[in-house]
Amino acid sequence: KHMFSDYAKSWFELFSKPNIEEATRVSYQQQIDSHLNPVLGEINVEDISLECVQRLFNEQSGTLETKKKTRMVLNMILDMAVEDGLLSKNPLKSSRFKMSGEASTKTEPYTVDEMKLMVSNLDQITKQTDKSFLALISMHPLRLEEVLGLQWGDIDLDNMTIRVERAVTHPDRNQPIVKDLKTDASRRTIPLTDRAAQCLTIGTESDFVVSGSSPLSYTQVRRMCNRIAKEIGFPGKITPIRFRTTVLTDLY
């Protein structure tokens, strides 16, 4: 028979890991280590039943979205077990299997007054890269990873545009990785606002706009946001994910 932890490792190393992006690799590994192996690790794959997987998801804490990530990984492993003849069918595909969980927390946009406070105090920011960051992320529908991936060659002050070509992610929390955008639709050119342009000092074409020769780490981004909040006298937290929701809400 095949112990689940060994079988899951074989699936991950041979069939999954070589064919997925780094961020996805980290997510899959986390599901196996944190949610699947603690419950199923020492059970033989051949003995995994509908009752086993139902109990796993009944007892797993967290939001429904978190549970869906765990189910996706387990589903791929059990599909391979069916293909290998270790199981007659995948128990996750039973009509009796049910999964519930807490709703994900909604990302609240900043208020109009909060945005006015940030933009009106841009000139209070002493570090040029910090000022560029806040100007770009607060006035354009850009994700954090897209702002971190912007290079000076992507900023066209003559035509007042921003070309979005790449992203910087932190799949291991602190190690930045420069990567291509997920889809062709994500690669786009958007207008650059006049106010943001006033805050930019164009540098070397290949340098990153908010970090220079190399992209910022996760810790550096957090420290930068704390610095900005302190310098502009912002009463709350500067949370990058809230800006895109805010800008898109305002545009709508």
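Fair warning: this is a prediction, and the values are worked out from it, not measured in the lab.

**Student:** Tell me about the pairing of strand 3 (residues 166-169), and name the residues and values.
**Tutor:** Every second residue of strand 3 is oriented toward a common face, with Arg166 and Val168 on one face and Ala167 and Thr169 on the other, all of them buried. Pairing analysis gives four bridges linking strand 3 to strand 4 (residues 177-180), with the strands arranged antiparallel. If you follow Ala167 over to strand 4, its bridge partner there is Lys179.

**Student:** Lay out the packing of helix 1 (residues 4-16) against helix 4 (residues 64-83) with the relevant residues and their values.
**Tutor:** Packed helix pairs are characterised by how far apart their axes lie and by the angle those axes make with each other. Following both chains from N to C, one finds helix 1 and helix 4 inclined at 95 degrees, their axes separated by 10 Å at the closest point. Here helix 4 runs roughly perpendicular to helix 1, going by the angle between their axes. Every residue of helix 4 that contacts helix 1 at Phe4, Tyr7, Ala8, Trp11 and Phe15 is listed here: Val73, Leu74, Met76, Ile77, Met80 and Ala81. For the contact of helix 1 with helix 4, a count of residues per class yields 11 nonpolar, no polar and no charged.

**Student:** Describe in detail unusual backbone geometry, supporting the description with residues and values.
**Tutor:** Phi at Met160 takes a positive value of approximately 55 degrees, unusual for a residue other than glycine. Following the sequence through the fold, Met160 ends up in the loop between strand 1 (155-156) and strand 2 (161-164).

**Student:** Give a description of the pattern of salt bridges that names residues and reports values.
**Tutor:** Tallied over the full model, the rule gives 16 salt bridges. In this structure, Lys179 engages Glu21 in a salt bridge whose closest nitrogen and oxygen atoms are separated by 2.7 Å. Of this pair, Lys179 sits in strand 4 while Glu21 sits in the loop between helix 1 and helix 2 (22-40), placing them 158 residues apart in sequence. Between Arg143 and Glu146 there is a salt bridge whose closest N-O contact spans 2.9 Å.

**Student:** Which residues make up the packing of aromatic side chains, and what are the values?
**Tutor:** Two descriptors summarise a pair of aromatic rings, namely the distance from one centre to the other and the angle between the planes of the rings. Going through the model one piece at a time under the given rule, you end up with five aromatic pairs. Taking the centre distance of 5.8 Å and the plane angle of 85 degrees together, the rings of Tyr110 and Phe234 count as edge-to-face. Placement of the pair is Tyr110 in the loop between helix 4 and helix 5 (112-120) and Phe234 in the loop between helix 9 (218-232) and helix 10 (240-251), with a sequence separation of 124 residues. The pair formed by Tyr110 and Phe234 is uniform in burial state, with each residue classed as buried. By way of ring pairs, the aromatic residues Trp11, Phe12 and Tyr28 are connected into one cluster. Taking NZ or CZ as reference, Arg242 lies 4.0 Å from the ring centre of Tyr110, over its face.

Parameters and conventions
- Residues numbered from 1 in each chain as written.
- Predicted model: local features only at pLDDT ≥ 70, side-chain atom pairs only at ≥ 80, totals over all residues.
- Heavy atoms only, no water.
- Buried < 20%, exposed > 50% of the residue type's maximum accessible area, 1.4 Å probe, protein only.
- Helix = DSSP H or I, 4+ residues; strand = E, 2+ residues; numbered from the N terminus.
- Pairing = 2+ DSSP bridges.
- Axes fitted to C-alpha atoms, helices over the stretch in contact; angles between N-to-C directions.
- Parallel < 35°, antiparallel > 145°, perpendicular 65-115°, else oblique.
- Contact = heavy atoms within 4.5 Å.
- Nonpolar A, V, L, I, M, F, W, Y, C, P; charged D, E, K, R; others polar.
- Salt bridge = Lys/Arg side-chain N within 4 Å of Asp/Glu carboxyl O.
- Phe/Tyr/Trp six-rings, centres within 6.5 Å; stacked < 30°, edge-to-face > 60°.
- Lys NZ or Arg CZ within 6 Å of the ring centre and 35° of its normal.

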